[in-house]
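Tertiary structure, described
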Amino acid sequence: MVRVLSQFWRLMALCLRGDYRKLGLVMFAVVVGLDLLGVYATIRLIEWTGAFYGALEQFDAAEAVRQVGIFGIIVTLNAIRHLVGLYIRKRLEMRWRRSLTSNVLDIWLANKAYWHMSVAGGAEGVDNPDQRIAEDVVIFLQKLLSEALDLISRVVGLFSYLVVLWSLAQFPLSLAPIGIPIEIPHYMIWAAFIYVALCTGLTHLLGKPLKPLLVQQQKREADFRFALVRLRSNTEAVALGNGEAAERRLLGDRFEAISTNWGHLIRRELILGGFTYPFNSSVLRIPLFVALPGYLAGHVAFGGLMQLSSAFSSVVTTLSWFIFSYRDLAELVAASSRLDNFITAARRAGETRGGVAADPALNDSIEIENVAVATPTGRPLLCLGRFNIAPGETIWVRGASGLGKSTLLKALAGLWPYASGCLRCAVGNQIFLPQRPYFPSASIYSALTYPQDPSSYEQAYLDDVLTRVGLANRIDSAPGQDPAQGLSGGEEQRLALGRLLVLKPDCIWLDEPTSALDIAAEAQLFALLRTELPRATMVIVAHRQPKGLGPVRMMELDEEPASAQTQIPVLA
Ligand SMILES: Nc1ncnc2c1ncn2[C@@H]1O[C@H](COP(=O)(O)OP(=O)(O)OP(=O)(O)O)[C@@H](O)[C@H]1O
């Protein structure tokens, strides 16, 4: 219980962080106030019940008609109160959702936590971040708001209804008819509490397994959706590999997992419902039976009996909040624990330290010192001694496939925690271009200038760059069309190299940037790159010697630990 409350508290603190914090609290107070007015309306209806049935009992037609009018006014005002409260509550829900989502996104993106979480793999508690950010936030806020408001108005309502019930149920219950010479004063009050306490205990006992089942259901739904998204984004590879049957199997397995858990879930809901459903339908009748001894003993008239039963059912319904809300509460706890675990894991991932230390440069050159790289499981991959790269120099990094060249670049970019050593580099504009460049799903210009905003550049200039890298045919692509859609592997690499021309970095780290291009195209693009960026330092991982860049120094990597001073020959 304490753990659940502290999770709620941490998540609410994120909702309340940022601008409009006070406005959110004011809106919440207004919604609570309107909900409490609802309690007042219920009490007025209890009074009305007594007055109306009293009038009927005495055949007082004029009073009965007047009471119908009063009923109309109460119901109309109550409907207005309800609708206004609902509207403000929905506005508040979106306000807090915006704040929570924005804080969760900041935590996830800060210090490259999203990356460290993905490298660490599916470590427990961090699966499907997309679902946690998009769905769990919504479930958490919707359920929390509705349950919290419900609880507040019920607690306040409880006291009001109890006062009414106490004043109505003055008479005692005599156990003399069953041979026990005892009278229980205000017995209807005790009856309400004992009845609800027993029912609540039983509900909790029957519904306890619901929470883990709901957590599993959300996870399995997200796994299924993720498999669909993966298929959608790899249609070409699947189609070429005739992978339909394999995909169908995978999707079928994931769906089967959903269906199996759903079976457990509905079985548990059936067991719980086997108790709560009859409880829900009997809760409004039982009061009448409980009040009957008082009526039969002549303590109350018919109007009083109806009023009493109305007050008693208000008390019982209020006390039964836990029973009525059990499934929603289980869902709320499931969503909040998933979200809280995700945030904790993201914060921890953002604090990941280790890897290659980036120190300020002693001069304009880049100095790499004793860099050792391993896999996440600790298998050593490669180890470099010490070498310098002069400003404007081009280095060709070469080595057997799987040796760790790409991992080395990630380590030098500060992304790989399973590495050690030091990189001294002048603080300047550096770009790392991975083997598979990323293109955002926006216009061709966004893909070209990523991560900069394309609107900061003249369109004519961007068109010129596209033309020079051989993508003139893409200039007319429809606005909003996914730029990567339909690009050949070579065209993707042209676009990525065009990005370098636009962003003009001082230092470029390239991982097999022309593997999909023929030698002539590669030489032409590299020559363009060198002409446009004459002073840029370039480190290129490639299996063949890059042409068109002028003099290149080769760094041959092998599995042997490097000597203290790595020597690299200059090639023409
Ligand atoms: N996230 C990871 N988890 C586990 N192993 C990894 C991970 N990333 C890389 N490795 C392993 O590290 C080794 C080096 O991978 P890397 O991609 O750096 O090789 P490479 O030299 O660039 O290969 P290639 O020339 O084929 O592109 C491989 O055995 C790879 O399986």
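Everything numeric in this text was worked out from a predicted model, so none of it was measured.

Definitions and cut-offs
- Residues numbered from 1 in each chain as written.
- Predicted model: local features only at pLDDT ≥ 70, side-chain atom pairs only at ≥ 80, totals over all residues.
- Helix = DSSP H or I, 4+ residues; strand = E, 2+ residues; numbered from the N terminus.
- Axes fitted to C-alpha atoms, helices over the stretch in contact; angles between N-to-C directions.
- Left-handed = near helix turned anticlockwise from the far one by under 90°.
- Contact = placed C-beta atoms within 7 Å.
- Nonpolar A, V, L, I, M, F, W, Y, C, P; charged D, E, K, R; others polar.
- Pairing = 2+ DSSP bridges.
- Core = buried A, V, L, I, M, F, W, Y, C linked by C-beta atoms within 7 Å.
- Buried ≥ 20, exposed ≤ 12 C-beta atoms within 10 Å, placed from the backbone.
- UniProt positions renumbered as here; feature names shortened; annotations may be inferred.

**Description of unusual backbone geometry**
Between Tyr-450 and Pro-451 the backbone carries a cis peptide bond, its omega angle lying at 5°. With phi around 50°, Phe-59 is a residue other than glycine that occupies positive phi space. Mapped onto the secondary structure, Phe-59 falls in the loop between α2 (21-57) and α3 (61-109). For Lys-504, which is not glycine, the phi torsion reads 45° and is therefore positive. Among the secondary structure elements, Lys-504 is positioned in the loop between α17 (489-503) and β10 (507-511).

**Details of the packing of helix α1 (residues 2-15) against helix α13 (residues 326-350)**
One can describe the packing of α1 onto α13 by two numbers: an axis separation of 10 Å at closest approach and a directional angle of 65°. In the packing of α1 onto α13, the handedness of the crossing is left-handed. Contacts between α1 and α13 involve Val-4, Gln-7, Phe-8, Arg-10 and Leu-11 from the former and Val-333, Ser-336, Ser-337, Leu-339 and Asp-340 from the latter. Of the residues belonging to the contact of α1 with α13, the class tally is 5 nonpolar, 3 polar and 2 charged.

**A closer look at the pairing of strand β8 (residues 419-425)**
Where strand β3 (residues 357-360) lies against β8, 4 bridges are found, and the strand directions are parallel. Counted as the bridge partner of Asp-359 is Arg-424 from β8. Judged from the 5 bridges that link them, strand β4 (residues 366-374) and β8 form a sheet pairing that is antiparallel. Bridged to Val-373 within β8 is Ala-419.

**Some remarks on the nonpolar core**
The biggest cluster of nonpolar side chains holds 52 residues, and the ones touching the most others in it are Val-373, Val-397, Ala-411, Ile-508 and Ile-540. The dominant element in this core, judged by the number of residues it contributes, is α17, at 5 residues. Setting aside residues no more than four positions away along its own chain, Ile-508 makes contact with Ile-431, Leu-433, Leu-500, Ala-536 and Met-538. Ranked by size, the runner-up nonpolar core spans 36 residues in total, among them Leu-92, Leu-144, Tyr-326 and Ala-335.

**Some words on the environment of Lys-112**
Mapped onto the elements, Lys-112 comes out in the loop between α3 and α4 (113-119). Judged by the 17 C-beta atoms lying within 10 Å of it, Lys-112 is partly exposed. For the pair Lys-112 and Leu-415, spaced 303 residues apart in sequence, the C-alpha separation works out to 8.0 Å.

**Remarks on the UniProt feature "transmembrane region" (unreviewed entry) in the chain**
What UniProt calls "transmembrane region" (unreviewed entry) maps, in this numbering, to residues 20-43, 68-88, 151-169, 189-207, 270-292 and 304-324. End C-alpha to end C-alpha, residues 189-207 measures 27 Å, and it is 100% helix and 0% strand. Helix makes up 95% of residues 304-324 and strand 0%, and the two end C-alpha atoms of the span are 28 Å apart.

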